[in-house]
Protein chains: 2
Amino acid sequence: MTELNIGLFGLGTVGQGIYRVLERARNAHASISRICVRSLAKKRDIDIPANMLTDDPDDIFNDSAINLIVEVVDNAEASWRIVRRALEQGIPVVSGNKAMIARHLPELIALQRRTGAALLYDASSCGSIPVIRNLEEYYDNDLLLEVKGILNGSSNYILSRVFDHGEDYGYALKRAQELGFAEADPSFDIKGFDSLFKLVIITVHALGVYVDPGRVFTYGISAISDFDIKYAREKGVKIKLVAQVVKLDDDRFTLFVMPEFVSPGKYIYSVDDEYNGVVIRGECYDRQFMFGKGAGGLPTASSILSDVTARLHNYRYEYKKMSYEGRPAYTTDVSLRIYLRHKNPEVPYGLKFDKILERYISDHTCYTVGDLSLAELMLHPELLSDPDVFICNIPRFFESDDDGSLSNIN
Amino acid sequence: MTELNIGLFGLGTVGQGIYRVLERARNAHASISRICVRSLAKKRDIDIPANMLTDDPDDIFNDSAINLIVEVVDNAEASWRIVRRALEQGIPVVSGNKAMIARHLPELIALQRRTGAALLYDASSCGSIPVIRNLEEYYDNDLLLEVKGILNGSSNYILSRVFDHGEDYGYALKRAQELGFAEADPSFDIKGFDSLFKLVIITVHALGVYVDPGRVFTYGISAISDFDIKYAREKGVKIKLVAQVVKLDDDRFTLFVMPEFVSPGKYIYSVDDEYNGVVIRGECYDRQFMFGKGAGGLPTASSILSDVTARLHNYRYEYKKMSYEGRPAYTTDVSLRIYLRHKNPEVPYGLKFDKILERYISDHTCYTVGDLSLAELMLHPELLSDPDVFICNIPRFFESDDDGSLSNIN
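Notes on the structure follow. (Residues numbered from 1 in each chain as written. Chains lettered and ligands numbered in written order. Predicted model: local features only at pLDDT ≥ 70, side-chain atom pairs only at ≥ 80, totals over all residues. Heavy atoms only, no water.)

This next bit is on the sheet that holds strand S3 (residues 53-54) of chain B. Residues and elements named next belong to chain B. The strand order across the open sheet built from 6 strands is S3-S2-S1-S4-S5-S6, with neighbouring strands paired in parallel fashion. Each edge of the sheet is formed by a strand with only one pairing partner; in this case those strands are S3 and strand S6 (119-120). Two elements, strand S2 (residues 30-36) and S3, share 2 bridges in a ladder whose sense is parallel. From the neighbouring strand, Cys36 faces S3, where its bridge partner is Thr54. (Pairing = 2+ DSSP bridges. Helix = DSSP H or I, 4+ residues; strand = E, 2+ residues; numbered from the N terminus.)

Here we take up the interface of chain B and chain A. Counting residues at the interface gives 56 residues for chain B, matched by 56 residues for chain A. Across the interface of chain B and chain A, roughly 4,800 Å² is buried in total on both sides, 49% from carbon and sulfur atoms. Counting every contact that joins chain B to chain A gives 4 salt bridges. As a salt-bridge pair, Lys293(B) and Asp286(A) come within 3.4 Å of each other at their nearest N and O atoms. In this structure, the connection of chain B to chain A is made through 15 residue pairs in polar contact (both at pLDDT 80 or more). Elements with a minimum of two residues in the side of chain B that touches chain A: helix H1 (13-24), helix H5 (131-138), strand S12 (286-293) and helix H11 (297-312) of chain B. The residue makeup of the side of chain B that touches chain A, split by class, is 22 nonpolar, 18 polar and 16 charged. By the bridge criterion, 3 bridges tie strand S12 (residues 286-293) of chain A to S12(B) in an arrangement that is antiparallel. Along S12(B), the bridge assignment pairs Phe289(A) with Phe291(B). (Contact = heavy atoms within 4.5 Å. Buried area = accessible area lost by both parts, 1.4 Å probe. Salt bridge = Lys/Arg side-chain N within 4 Å of Asp/Glu carboxyl O. Polar contact = N/O pair within 3.5 Å; in protein donor to acceptor, adjacent residues only side chain to side chain. Nonpolar A, V, L, I, M, F, W, Y, C, P; charged D, E, K, R; others polar.)

To continue, consider the relation of the copies chain B and chain A. In screw terms, the move from chain B to chain A is a rotation of 180° and a rise of 0.0 Å along the axis, fitting with an RMSD of 0.0 Å. Both copies of the chain, as the preceding transformation shows, are related through a two-fold rotation axis. Within chain B, Met290(B) has its C-alpha nearest the rotation axis, a separation of 2.4 Å. (Least-squares fit on C-alpha atoms with pLDDT ≥ 70 in both.)

Attention shifts here to the state of the cysteines. Working definition: the covalent bond between the sulfur atoms of two cysteines is a disulfide. All names here are of chain B. Inspection of every chain in the model, using the stated rule, returns 0 disulfides over all chains. Here Cys366 stays unpaired: no disulfide links it, and the sulfur of Cys392, its closest cysteine neighbor, is 18 Å away. Cys366 sits in the buried class, given a relative accessible area of 0%. (Disulfide = S-S within 2.5 Å. Buried < 20%, exposed > 50% of the residue type's maximum accessible area, 1.4 Å probe, protein only.)

This part is about helix H10 (residues 226-235) of chain B. Think of an α-helix as turning once every 3.6 residues; residues three or four places apart then point the same way. All names here are of chain B. For H10, the set of buried residues is Asp228, Ile229, Tyr231 and Ala232. The arc enclosing the buried residues of H10, seen along the axis, measures out at 160°, which places them on a common side. Facing away from the buried side of H10 by more than 90 degrees, the exposed set consists of Asp226, Lys230 and Glu234. Gly236 occupies a position one or two residues after H10 and carries a positive phi of about 75°. (Arc of directions from axis to C-beta.)

Before going further, it helps to examine the pattern of salt bridges. Residues and elements named next belong to chain A. In this structure the tally under the stated criterion is 42 salt bridges over all chains. In this structure, Arg281 engages Glu146 in a salt bridge whose closest nitrogen and oxygen atoms are separated by 2.6 Å. Here Arg281 is found in strand S11 (residues 275-282), whereas its partner Glu146 is found in strand S7 (residues 144-150), with 135 residues between them in sequence. The partner of Asp194 in a salt bridge is Lys198, and the shortest N-O contact between them spans 2.7 Å. Of the two residues, Asp194 and Lys198 both sit in helix H9 (residues 193-207), 4 residues apart, roughly one turn of that helix.

Structure (structure tokens):
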């Protein structure tokens, strides 16, 4: 078995986590030879021999002893330059950058096929939960119907604090950042983009179809108000930021990221704080629930380690499902039932409901509950950026029978 | 990609499930060529062309077109004969027979290495939950500390009915059998052997160490009484049949199957009915929880299908951890705290406690709560078969911090 000599890019929370994890994994047959950082001057609370550090990528790319590159820089452009160059040079790469991967996946797949070098990125989705690997290898068949979950640790942490602990939204957000759950740019988390990128990657490995992130409805929690929280409490449900990809029938599927009213009858109702939870539903096996730490340096690092050791055995994603016959096609022509909270009595921006079921009007707040198509919702981007509007999905069309037996849901 | 022509042994609940699942999995590149059954005469509620059926194993073993054998007979001896012959003939096999695998694993590993033919058996543990594959591939490192879970669907179903629905034990057992959760011989489930065999297999893939099932403390739920249930209810806990393998330190681990008082603070507290739930704990990633259907024909069949499709890509277990340096050694020299319910005031069979914490004596029932070593417990087999005695583990030494954030546990 060949030893892995790793060239590491990035020494933030995750990078330092990888360094620590590799020190502890005695049988990993992998060690870090060189670490490329943006600034050598930066003070770090980890003791690393100075000669391991460099700020010149060539010190890694031109080191012929390095046979694996691990890339955990948070800048997506830098990540893309590193990964592309590595693959072009035929060096396998492990990356955790979901934004870069979600945006460039078709090119990355083509690059892997052309150069034969492999790219692994299980850490990019759900931190320590092995979602990608299981979708690729274990749920490697036609039976998959739905992947739905809480994929973003920091927005979930914020909602938990607000919901279960009555904390103020801004305070909870600040705490999430202090605890290192939140991305450098919090809007990445709370506006749903982090969940979106993970969902796009998951969809490729779940259904074998790539959907450009720009074509996916993505709406976060930044506009949530005390009124919305009170409304949900009164209904006995929680608001969670949910990402889902759902097969509507043999030929069509849809996917979106959107806050959702989650009833106690659902597994994800119980997923709180910085944790992630994913429900995989299929024919025959019904539902499986995977739960674990989705954020933080060490959990993500342990997931990176799993990709690293997989490389010891030359593991690569085959993207098998992309060659399946009868792959379903992406559609936004699906009817949703939503809660729309707005300021003035008339529905903002002339949003067209197919059917309105409830209207609430008061001098300071109004809301409308009704059915409309996802496509119609996507015709009104101005709606999504209006701070006086909040939209929440009321699960209905995607609800099949109860999530099964976790006793808290009975 | 070569098509898989499957020779199937066994057409019970799982065998019929496999037949149905393969009909639905359009892209599986696998089809059943021949099915060997014990009795051709037997009436079956599934429509299968008569010429596919045979009662002569040679019709499969001598068919050169068959390149994968799937074996789901419930008799362990028959299973062993089939799997051994297949491997000796160099034909890959997928098996779901946990008893056979747990008993013969060392020979099966040697056979695979000698003949180069692969044996896959993910379906043998936890039905549809991909525990083995994840332990082998994803948790392929030193960081694993513990695998603990509810591995037997039917005993869990029975306990759920008794505990949460106040049903009579015998009635619940009968229902479990009617629903097809219980093995043909229910003692296999309720005496803990099904959990034991799964635990032995899990331990090989978790820590790289094989422990003969005969050396593992195994105690089931058949002696549980209303008194025990009332006792647990008063303490606000549930009794679950728990299998666990735990690393005590870098050099030692222990494993056993035993009823346990499970507090609401634990993930497995919420695992009810025929479901299975497994907690994988490690350094860095803390705990992960996998939950799904552990029993029933279709869930098990879908797991078999995952092994079948894995064979399309020549996947095999590498048993990597067996070659790790510094593998921990099995010990029973570990102190447990137990609840021992017995008939007469004196502790039965002179069982030696290191420390007794509580004694309860009444004219009809007594119990003792105290600490003793697992080794001492294993010195008294007569204790385990005494219908007037019930033993339940009080988790203590293996408890680390709270299982983390599933809201139902707060």
